[in-house]
Amino acid sequence: MAEAHQAVGFEFTVRPDGADIKLSQEVIKNIYLSGVTAWRKRNGVLAGVYPASPSSWLIVVIAMISTLYTRVDLSLGMIDLIKENLPRGYMSVQTGKVLSAILFATLLWLFLIYLLRYSLKALLSYHAWIFESHGKMSSSTKLWLSLIKMFSGRRPLLYSFQASLPRLPLPSVDDTIDRYLESVHALLDDKRYKQMETLANDFRNTSAPQLQRYLLLKSWWATNYVSDWWEEYIYLRGRSPIMVNSNFYVMDLLYITPTQRQTARAGNVVHAMLQYRRKLERGEHAPLRALGIVPMCSSQMERIFNTTRIPGIETDIVQHLSDRKHLVVYHRGRFFQVWLYTGGRHLLPSELEMQFQRILNDTSEPQPGELKLAALTAGNRYTHARTHARTHASLQAVESSAFFLTLDDEAQGYDPAKTGSLDGYAKSLLHGKCYDRWFDKSFTLISYTNGKMGINTEHSWADAPIIGHMWEYVLATDCFHLGYTEEGHCKGDINKGIPPPARLEWQIPKETSYVLAKQIADDVDFHGCLFSEFGKGLIKKCRTSPDAFIQLALQLAQFRDQGGFCLTYESSMTRMFREGRTETVRSCTSEAVAFVRAMEEEDKTNGTRLELFRKAADKHQNMYRLAMTGSGIDRHLFCLYIMSKYLRMDSPFLKQVLSEPWKLSTSQTPQQQLNLVDINNSPLWSLNGSLCIDDHNLIGSYLKFSSSETDSFRFGQNIRKAMLDIQSLFKPTNHKTELPLMNGVSKGHKKDV
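Residues numbered from 1 in each chain as written. Predicted model: local features only at pLDDT ≥ 70, side-chain atom pairs only at ≥ 80, totals over all residues. Heavy atoms only, no water.

**Student:** For this particular structure, what's the right way to read a nonpolar patch on the surface?
**Tutor:** A cluster of nonpolar side chains, contributed by L107, L110, Y114 and Y118, occupies part of the molecular surface with about 410 Å² of accessible area. Counting through the fold element by element, Y118 comes out in helix α5 (residues 93–124). Under the relative-accessibility criterion, Y118 is labelled partly exposed at 45%. (Patch = residues over 30% accessible without salt bridge, like charges linked within 9 Å, V, L, I, M, F, W, Y side chains within 5 Å. Areas by Shrake-Rupley, 256 points an atom, 1.4 Å probe, with all protein chains shown as cover. Salt bridge = Lys/Arg side-chain N within 4 Å of Asp/Glu carboxyl O. Helix = DSSP H or I, 4+ residues; strand = E, 2+ residues; numbered from the N terminus. Buried < 20%, exposed > 50% of the residue type's maximum accessible area, 1.4 Å probe, protein only.)

Quick look at the structure:
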């Protein structure tokens, strides 16, 4: 983890005459800027006055003015009081009355808005509903849902609920430390656990209260006490390559390809993305809501397009621009600028197809050094920053583009008749040739020669569900709204008068990061497999959470593969809070360990194993719910650690916690966020995040060849066997064959469950 470079904070010293508080300018500035950044994230007038509307102001004004003529003073004398304090001599008596009524109506309207908003915020701070058993809802929760519906308005826009979302709560130090100790108890022997317990209690009784006070101040001032530090210190200050280590990929439909024509598919998909962007800029997308009622934070969606990670010597920055009118296309070592507008409108899919075909037909050769130029974005960030400073002007066309498109010269995708096709597809999306994706862009759209598509996404600006939301919209629009001709071309007329794409001119640097990037890519050990024996429907029929089922299967597979247990990371979202991102669920619990051991002990009956499985599943679900509701462990400890660095306070406990390796890292990406496609009747598509942390980790979607301890194929087989063994614990159930689950070993194994 990156450490904070600024230091010193609040110093409390007790004197005979009381407490002297010394305020550090650096920490005050940091906390102040966190709040300023939050205030700048406003989403327009309509969202600013929601759940009211600008037209409701006019209704209130008319109502107040009408009372002047009906001699019914609804203002209880406030209008007369305002009139008495208005400047005299510049307006008639009647004008003064009307102006006073307008001012009072405006104040009343604003008061009602804030009353509704804070009432909704208070309602959204209720989280007991998450902990209720599935299918059972208490009377208080039913009443709460009714009030949420009443205060939510009729047609909320994407950002309508932003101001009403509660802040991420700051857990108590005691709760966090107790949960942490519980989470590592099963992983440590008695001696090591006693040592950790001693460190934790020393921290609890010494520096923790002071750090917590400073963090509490930040939680009051900033919208979210975690998110800005998480983006800066976990992502932007990292100097290692982001290709493979941070960026993640998104797959296309697995079982069908709408057209085999590369340029036609790219034309439809790019046009669908432009439609999505236009609705995004206008806030016209419906906000994502749990249970169809409880709103989620939409702030990450602001930076899907027109966004680039700019390298720096010590830290990168995320540059987000307003509406960009071009994209940059890479093909066979050449870079082209393609304008997305003509005559004040978006290019039609057929016109985009024509532009992309012009690029394919271009036979010019790359400039010297141009072929592998993009490898700079795949290498060390310090090297990239030094080069970027000298070639900034040449890079502006790429960095200011809406997004980056690669017209690949290979065919990829899942082919049941071709062994390893899924592995090759995933690796191509993850790193390609190391020089044919612009890894700094918010996302690179990849188009293959057989019509398959995919996305490589930079991770700092958002998490996987955000790009998944956009991708679901794009795929549904492509397949079910835009469509293709019988010959596989885009529908619509073509304006051949549109200027052709322009080749970009470069100031080519001498440095290259290709060698380092190639070493990283060649070390990726990926094995993808389809699990077709059963799906989440059968798991739910067994009255078990699909997530808990898969996590316990992973623990069983890990034990069989490595002969032991390890610290396990699962990501949960915290988007029920303003600017929330993720929290860690520590999946290797004492209950999970007991279940796995029972599975490996021959003297245990299936009844005993099933009982232990249910206890472990319930424990996992409870931990997941705690993480979702702001009572997780790791983000709180992370922020305490960063604060300790600002204050130059040494904490052996925090150092130990933050240095512990996650040897098994898993993630979950929700499907059907938009309900535009019925996955029971349509092919599945895979959304998978990939993050590599350590050379000997079982990381999800891939491992490393350089590790002698891991093997992706072997681990994949262990996952399959573990799932079947757990399923066998349940009584046989008549069930309809479901669409298969997809396993991307060794981390992407749970994504379609």
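**Student:** Can you walk me through the packing of helix α19 (residues 546–562) against helix α24 (residues 712–727) in this structure?
**Tutor:** The relative placement of two packed helices comes down to the angle between their axes together with the axis-to-axis distance. Contact geometry for α19 and α24: axes closest at 8 Å, N-to-C directions at 125°. Viewed along their axes, α19 and α24 adopt a mutual orientation that is oblique. α24 is crossed by α19, and the crossing has right-handed handedness. Here α19 contributes F549, I550, L552, A553, L554, L556, A557, Q558, R560, D561 and Q562 to the contact with α24, which in turn contributes R714, F715, N718, I719, K721, A722, M723, D725, I726 and Q727. Here the residues of the contact of α19 with α24 sort into twelve nonpolar, four polar and five charged. (Axes fitted to C-alpha atoms, helices over the stretch in contact; angles between N-to-C directions. Parallel < 35°, antiparallel > 145°, perpendicular 65-115°, else oblique. Left-handed = near helix turned anticlockwise from the far one by under 90°. Contact = heavy atoms within 4.5 Å. Nonpolar A, V, L, I, M, F, W, Y, C, P; charged D, E, K, R; others polar.)

**Student:** Explain unusual backbone geometry to me, please; I cannot follow it from the model alone.
**Tutor:** Glycine aside, a negative phi is what most residues show, and trans is what most peptide bonds show. Backbone geometry at V244 places phi at a positive 75°, although glycine is not the residue there. Here V244 shows up in the loop between α10 (227–236) and β3 (248–253). Looking at V244, the relative accessible area reads 2%, which means it is buried. Its identity as a non-glycine residue notwithstanding, R648 has a phi of 55°, on the positive side. Turning to its location among the elements, R648 is positioned in the loop between α22 (634–646) and α23 (652–659). Using a relative accessible area of 67% as the deciding quantity, one classes R648 as exposed.

**Student:** Any chance you could explain the nonpolar core here in plain terms?
**Tutor:** Generally speaking, soluble globular proteins have nonpolar side chains that are buried together. Core analysis: the biggest nonpolar cluster contains 48 residues, and V270, M273, I304, F443, L445, M470 and W471 have the highest contact counts within it. Non-local contacts of L445, meaning those with residues more than four positions away in its chain, are made with V269, V270, M273, F403, F404, L405, T406, M453, G454, I455 and W471. One finds L429, F439, I520 and F526 within the second-largest nonpolar core, a separate group that totals 38 residues. (Core = buried A, V, L, I, M, F, W, Y, C linked by side-chain atoms within 4.5 Å.)

**Student:** What should I look at first to understand the confidence of the model for the protein in this one?
**Tutor:** Fine structural detail should not be taken from predicted coordinates in areas where pLDDT scores are low. When pLDDT is averaged across the protein, the result is 85; 85% of the residues are at 70 or more. Every residue in residues 733–753 scores below 50 in pLDDT, and together they form 104 contacts with partners more than four places removed in sequence or on other chains. (pLDDT = per-residue confidence, 0-100.)

**Student:** Would you mind going over the pattern of salt bridges with me for this structure?
**Tutor:** Side-chain pairs of opposite charge can arise where the charged atoms are in close proximity. Counted by the stated rule, this structure contains 37 salt bridges. Here R204 and D174 are joined by a salt bridge, their closest N and O atoms 3.1 Å apart. Within this pair, whereas R204 is found in helix α8 (residues 190–205), its partner D174 is found in helix α7 (residues 173–184), the two being separated by 30 residues in sequence. Judged by its relative accessible area of 40%, D174 is partly exposed. Across the pair K604 and E601 runs a salt bridge, and its minimum N-O distance is 2.6 Å.

**Student:** What am I meant to see in the side chain of S100 here?
**Tutor:** Secondary-structure assignment places S100 in helix α5. For S100, a relative accessible area of 0% gives the class buried. Apart from residues no more than four positions distant in its own chain, S100 is found in contact with I79, I82, K83 and L86.

**Student:** Please explain the UniProt feature "transmembrane region" (unreviewed entry) in the protein as it appears in this structure.
**Tutor:** Per the UniProt annotation, the sites labelled "transmembrane region" (unreviewed entry) are residues 56–77 and 98–116. As annotated, residues 98–116 has a helix share of 100% and a strand share of 0%, and its two end C-alpha atoms lie 27 Å apart. (UniProt positions renumbered as here; feature names shortened; annotations may be inferred.)

**Student:** Looking at this model, I keep getting lost on the side chain of H271. Mind explaining?
**Tutor:** Topologically, H271 is positioned in helix α11 (residues 262–281). Note on H271: relative accessible area 8%, which makes it buried. Every residue in contact with H271, bar those within four places of it in the chain, is listed here: H346, L347, L348, P349, L352 and L482.

**Student:** Can you walk me through empty space enclosed by the protein in this structure?
**Tutor:** To locate leftover empty space, one rolls a probe as large as a water molecule over the atoms. Under the criterion given, the structure shown has four cavities of 30 Å³ or more. Taken as a whole, the largest cavity holds about 110 Å³ of empty space. Taken together, 18 residues line the largest cavity, and the ones lying closest to its centre are L168, V226, T574, T582 and R635. Where the lining of the largest cavity is concerned, the elements lending two or more residues are α10, β19 (582–586) and α22. Residue classes in the lining of the largest cavity are distributed as seven nonpolar, seven polar and four charged. Considering only enclosed or pocket space, the second largest cavity measures out at about 50 Å³ in volume. Around the second largest cavity sit L373, L376, H384, T387, H388, T391, L395 and W438, which together line it. No other element matches helix α13 (residues 381–390), which puts three residues into the lining of the second largest cavity. Split into classes, the residues belonging to the lining of the second largest cavity amount to four nonpolar, four polar and no charged. (1 Å grid on protein atoms, 1.4 Å probe; cavity = no way out; pocket = protein on both sides within 12 Å on 5 of 7 lines; lining within 4 Å. Points joined across faces, edges and corners; volume = space filled by probe spheres on them.)

**Student:** What's the story with the pairing of strand β12 (residues 404–407) in this structure? I'm lost.
**Tutor:** Regular strands show a simple pattern: their side chains alternate between the two faces of the sheet. Side chains of β12 alternate between two faces, with F404 and T406 and L405 and L407 buried alike. Note that strand β8 (residues 326–331) and β12 share three bridges and pair parallel. Considered in β12, the bridge of V328 is made with F404. Strand direction decides the pairing type here: β12 and strand β13 (residues 443–447), joined by four bridges, are parallel. Looking at the pairing, F404 lines up with T444 of β13. Following the chain from β12 across helix α15 (residues 421–430) to the adjacent parallel β13, one finds a crossover that is right-handed. (Pairing = 2+ DSSP bridges. Right-handed = clockwise from strand over helix to strand, strands pointing away.)

**Student:** Where do I start with the environment of G432 in this structure?
**Tutor:** Note on placement: G432 falls in the loop between α15 and β13. Spatially, the C-alpha atoms of G432 and N456 are 9.5 Å apart, while their sequence positions differ by 24 residues. Those residues in contact with G432, other than ones at most four positions away along the chain, are K427 and R437.

**Student:** Help me understand the pairing of β3 in this model?
**Tutor:** Extensive coverage of β3 is indicated by the burial of six of its six residues. Here β3 runs beside strand β14 (residues 453–457); their pairing, made up of four bridges, is antiparallel. Note on β14: the bridge partner recorded for F248 is T457.

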